[in-house]
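Working through the structure, step by step
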Amino acid sequence: MTPPATPPAGARRLTEASALVTKFLTFLNANDQKHAAALGCTETQKLLPAVILLAVDPPTKLTVNGPAVALGKPGGDPYYEKLLSVPFAGTTKHNPATGTVTVMDVPARPLCIRLMTLKLG
């Protein structure tokens with residue numbers, strides 16, 4: 001019997017990024033801004049609560065609506081090689097909303113939320 005194939009490390013990190021963003025959106029949907037912001041990167045933990053406060057108001061129902069993708073290309077800008085983007089859609093403030101959550105992927109560190117962008121309408 002052949003053992004199941006192990007996904008490449010990059011694919012595994014993309015799956016983990018989607019799971020992290022799902023958790024983040026679950027907190028936003030529950031209006032739990034404190035726990036959502038706690039998933040932020042050390043570098044953005046002071047900025048992320050302000051972004052959430054300005055962008056999201058109950059009632060909120062946001063879900064991941066596409067695959068996570070790496071923003072950088074091997075051999076490109078080293079900063080962007082560490083960023084993963086996860087799209088989402090739903091409603092907030094009774095308005096349709098779409099956006100992305102950017103996840104920082106630094107080797108030997110847990111994934112963290114770097115930024116959230118949201119467009120209403």
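This is a predicted model, so every value here is computed, not measured.

Let's shift gears to the environment of Asp105. Along the chain, Asp105 falls in the loop between β4 (95-104) and β5 (112-120). For the pair Asp105 and Ala17, spaced 88 residues apart in the sequence, the C-alpha separation amounts to 8.5 Å. Looking at Asp105, its side chain comes within polar contact range of the side chain of Arg13, at 2.7 Å.

Bringing the pattern of salt bridges into the picture now. Counted under the stated rule, the structure contains three salt bridges. Residues Glu16 and Arg13 are paired through a salt bridge, measuring 3.1 Å at the closest nitrogen-oxygen approach. Of the two residues, Glu16 and Arg13 both sit in helix α1 (residues 9-29), three residues apart, roughly one turn of that helix. Residue Glu16 is classed as partly exposed on the basis of its relative accessible area, which comes to 31%. Across the salt bridge formed by Arg109 and Glu43, the nearest N and O atoms sit 3.5 Å from each other. Placement of the pair is Arg109 in the loop between β4 and β5 and Glu43 in the loop between α2 (33-38) and α3 (48-55), with a sequence separation of 66 residues. The class for Arg109 is partly exposed, based on a relative accessible area of 33%.

When you line up the elements, Thr102 lands in strand β4. Non-local contacts of Thr102, meaning those with residues more than four positions away in its chain, are made with Leu71, Leu83, Leu84, Cys112, Ile113, Arg114 and Leu115.

It is worth spelling out the environment of Arg114 at this point. Of note, Arg114 is situated in strand β5. Arg114 sits in the partly exposed class, given a relative accessible area of 22%. Taking the C-alpha atoms as reference points, Arg114 and Leu39, 75 residues apart in sequence, are found 9.0 Å from one another.

Looking now at the pairing of β4. Each regular strand carries side chains that alternate between the two faces of the sheet. Sheet topology note: the strand β3 (residues 83-92)/β4 ladder contains ten bridges and is antiparallel. In the sheet register, Leu83 faces β4, and the bridge partner there is Met104. Here β3 folds back onto β4 in antiparallel fashion, the turn holding two residues, of which Lys93 has a positive phi close to 55°. In the sheet, β4 pairs with β5 via eight bridges, with the strands oriented antiparallel. For Thr98, the partnering residue across the bridge sits in β5 and is Lys119.

Reading the values: the criteria
Residues numbered from 1 in each chain as written. Predicted model: local features only at pLDDT ≥ 70, side-chain atom pairs only at ≥ 80, totals over all residues. Heavy atoms only, no water. Helix = DSSP H or I, 4+ residues; strand = E, 2+ residues; numbered from the N terminus. Polar contact = N/O pair within 3.5 Å; in protein donor to acceptor, adjacent residues only side chain to side chain. Salt bridge = Lys/Arg side-chain N within 4 Å of Asp/Glu carboxyl O. Buried < 20%, exposed > 50% of the residue type's maximum accessible area, 1.4 Å probe, protein only. Contact = heavy atoms within 4.5 Å. Pairing = 2+ DSSP bridges.

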